[in-house]
Amino acid sequence: MDSADTAPGGGPSGRLVGLLAAACGLTVANLYYAQPLLSSLRGSFGIDAVTAGALITITQLGYAAGMVLLVPLGDRMGKRRLVAVLLAVTTAALAVSATAPVFPVLLGAALVVGLTSVVAQILVPLAADLAPEQARGRIVGRVMSGLLVGILLSRTVGSLVAEAAGWRVVYLASAALMAVLAVVLRLALPERAPTTDIPYGRLLASTARLLREHAALRRRALYQAAMFGAFSAFWTTVSYLLTGPGYHYSELGIGLFALVGAAGAAVAPLAGRWADHGWGRAATGAAFAVGAAAFAVGGFGRHSVLLLGAAAVLLDMAVQTSMIVGQHTIYRLDAAARSRLNSAYIAVFFIGGALGSQLGSFAYHAGGWTALSVLGAALPVLGLLGWLTERRSTAPAV
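The rules behind the values
Residues numbered from 1 in each chain as written. Predicted model: local features only at pLDDT ≥ 70, side-chain atom pairs only at ≥ 80, totals over all residues. Heavy atoms only, no water. Helix = DSSP H or I, 4+ residues; strand = E, 2+ residues; numbered from the N terminus. Rg over C-alpha atoms; globule rule 2.2 N^0.38 Å. Buried < 20%, exposed > 50% of the residue type's maximum accessible area, 1.4 Å probe, protein only. Lys, Arg positive; Asp, Glu negative; His and termini not counted. Charge placed at Lys NZ, Arg CZ, Asp CG, Glu CD. Patch = residues over 30% accessible without salt bridge, like charges linked within 9 Å, V, L, I, M, F, W, Y side chains within 5 Å. Areas by Shrake-Rupley, 256 points an atom, 1.4 Å probe, with all protein chains shown as cover. Salt bridge = Lys/Arg side-chain N within 4 Å of Asp/Glu carboxyl O. Core = buried A, V, L, I, M, F, W, Y, C linked by side-chain atoms within 4.5 Å. Contact = heavy atoms within 4.5 Å. Phe/Tyr/Trp six-rings, centres within 6.5 Å; stacked < 30°, edge-to-face > 60°. Expected span 1.5 Å × (residues − 1).

Notes on the overall build of the protein
Okay, so step 1: A count of helical and extended segments in the protein gives 15 helices and 0 strands.
Okay, so step 2: For 398 residues, the compact-globule estimate of 2.2 N^0.38 gives 21 Å, and the C-alpha radius of gyration of the protein, at 20 Å, lies within 12% of that figure.
Okay, so step 3: With the principal axes as the frame, the protein shows a C-alpha extent of 55 × 50 × 40 Å.
Okay, so step 4: A burial count over the protein gives 58% of its 398 residues as buried.
Okay, so step 5: Measuring between centres, the 27 positive side-chain charges of the protein sit 4 Å from its 15 negative side-chain charges.

Topic: a nonpolar patch on the surface
Okay, so step 1: Residues Leu61, Ile351, Leu355, Leu359 and Phe362 make up a contiguous nonpolar surface patch of about 460 Å² in total accessible area.
Okay, so step 2: Element by element, the count of residues in the nonpolar patch is highest for helix α15 (residues 338-392), at 4 residues.
Okay, so step 3: Inspection of the secondary structure assignment puts leucine 355 in helix α15.

Quick look at the nonpolar core
Okay, so step 1: Tyr63, Leu123, Trp235 and Phe350 are the most contacted members of the largest nonpolar core, which has 120 residues in total.
Okay, so step 2: With 15 residues, the top contributor of residues to this core is helix α10 (residues 215-243).
Okay, so step 3: Ignoring sequence-local partners within four residues, the contact set of tryptophan 235 consists of Gln35, Leu152, Arg155, Phe257, Ala258, Gly261, Ala312 and Asp316.

Examining the environment of methionine 227
Okay, so step 1: Relative to the helices and strands, methionine 227 resides in helix α10.
Okay, so step 2: Classification of methionine 227 by relative accessible area gives buried; the value is 1%.
Okay, so step 3: For the pair formed by methionine 227 and serine 322, sequence separation is 95 residues and the distance between their alpha carbons is 7.8 Å.

Details of the pattern of salt bridges
Okay, so step 1: Here the structure, examined in full by the defined rule, presents 7 salt bridges.
Okay, so step 2: Salt-bridge contacts for aspartate 75 lead to arginine 340; the nearest nitrogen and oxygen are separated by 2.8 Å. Of this pair, aspartate 75 sits in the loop between α3 (49-69) and α4 (79-98) while arginine 340 sits in helix α15, and the two are 265 residues apart along the sequence.
Okay, so step 3: On the basis of relative accessible area, aspartate 75 is assigned to the buried category, the value being 3%.
Okay, so step 4: Between arginine 338 and aspartate 129 there is a salt bridge whose closest N-O contact spans 3.1 Å. With arginine 338 in helix α15 and aspartate 129 in helix α6 (residues 120-130), this residue pair connects regions lying 209 residues apart in the sequence.

Comments concerning the packing of aromatic side chains
Okay, so step 1: Summed over the entire model, instances satisfying the criterion amount to 14 aromatic pairs.
Okay, so step 2: Through a chain of ring-to-ring contacts, three or more aromatic side chains come together here, namely Phe234, Trp235, Tyr240, Phe257, Phe295, Tyr364 and Trp369.

Examining unusual backbone geometry
Okay, so step 1: Phi at histidine 248 takes a positive value of approximately 55°, unusual for a residue other than glycine.
Okay, so step 2: Residue position: histidine 248 is located in the loop between α10 and α11 (251-261).

A short note on the environment of alanine 347
Okay, so step 1: With respect to the element layout, alanine 347 can be found in helix α15.
Okay, so step 2: When the C-alpha atoms of alanine 347 and proline 132 are compared, they prove to be 26 Å apart, with 215 residues separating the residues in sequence.
Okay, so step 3: If we skip the residues at most four places from it in the chain, alanine 347 touches Ala64, Met67 and Val68.

Concerning helix α14 (residues 305-330)
Okay, so step 1: Taking 1.5 Å of rise per residue, the 26 residues of α14 would be expected to cover 38 Å, and the 37 Å separating its terminal C-alpha atoms lies within 8% of that figure.
Okay, so step 2: A large share of α14 lies buried, amounting to 20 of its 26 residues.

As for α6
For the α-helix, the turn length of 3.6 residues means that residues three or four positions removed from each other point alike.
Okay, so step 1: With 10 of its 11 residues buried, α6 lies for the most part within the structure.
Okay, so step 2: Those residues of α6 not exposed but buried are Ala120, Gln121, Ile122, Leu123, Val124, Pro125, Leu126, Ala127, Ala128 and Leu130.

Some remarks on the environment of leucine 19
Okay, so step 1: With respect to the secondary-structure elements, leucine 19 resides in helix α1 (residues 14-28).
Okay, so step 2: Leucine 19 gets classed as partly exposed once you look at its relative accessible area, which sits at 21%.
Okay, so step 3: Taking the C-alpha atoms as reference points, leucine 19 and threonine 57, separated by 38 residues in sequence, lie 29 Å from one another.
Okay, so step 4: If sequence neighbours within four positions are ignored, leucine 19 has contacts with Val184, Leu185 and Ala188.

Structural measurements only, silent on function.
Structure (structure tokens):
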């Protein structure tokens, strides 16, 4: 690592950590630009709300597939080269999205966008590799705060751009951003030697083996699947509530509402510090409780945008805390396999997110916001029940 990218006390410099955080935010934003645009897409393609919601599900399933098929390569080849190649493909897929003549073409392009936007999950293990042990949680937390800001601000940016120039320009602008980011990261990322040279097939098999071997990995992945399912259910359907009777928000209004949730990113560095100090277990239980409480607040306050905003902040803080503590836990399991550990972890919980998006759409259209709130609260409650069982077992604290 170049001395310019090294902090005086060792580890990555603040400049490099900031770049990694920004890159994570920009790439993961590609998964969420469409959430506030679903109403516009319905009008453009003449589709119903559930069909439009499939765009979010397909994108997240693509991301899960990328976690399984592409992220493990971060242990086998140079991360700098891998990131540049993936961003080039993302750029092309976003350009196809912008010009899609029919909805199936947009779905196909969204699948590729999701598949290759796993760049964020190649950069997070890189940050963990560069960080000293005593500060790993804090540095990963800072990088992950960029990721959460990207998730949340993507909705605002998508709404603003769509309001001014149409939804297709959202994808064109992101394609341009990905092209620039590919060049910047190619020049700025430190070169890291691969940690393994096993063939690709065995590399994938070893990722599955890690899931079998490490109970902590399975547990943390399932915990986060429940939390991310609730998160996805909320943010996929809140646009339907805010554009419907009682609010009649425009796309811009939905985007501005999403800004509120960005406050949840503030907890990421704190969650990293809690994990560094050995408080991750307590933080996990608190995150589940807060996540369930968020849906209670949002459910009872469906007619108050202030209560909905409070629910969004609470939910985002809970999800971020659980995610950071989970990553801190799994990165300690095998330093030579951090990309593969991250691959298994994120793939499992993004499947949970995809299911949450689709189940959330069904719940909302079957029983309204009340049904959505019940579904959303049930998911972190399931995680909390698992956590309580873990505390009564002889499993090591994580």
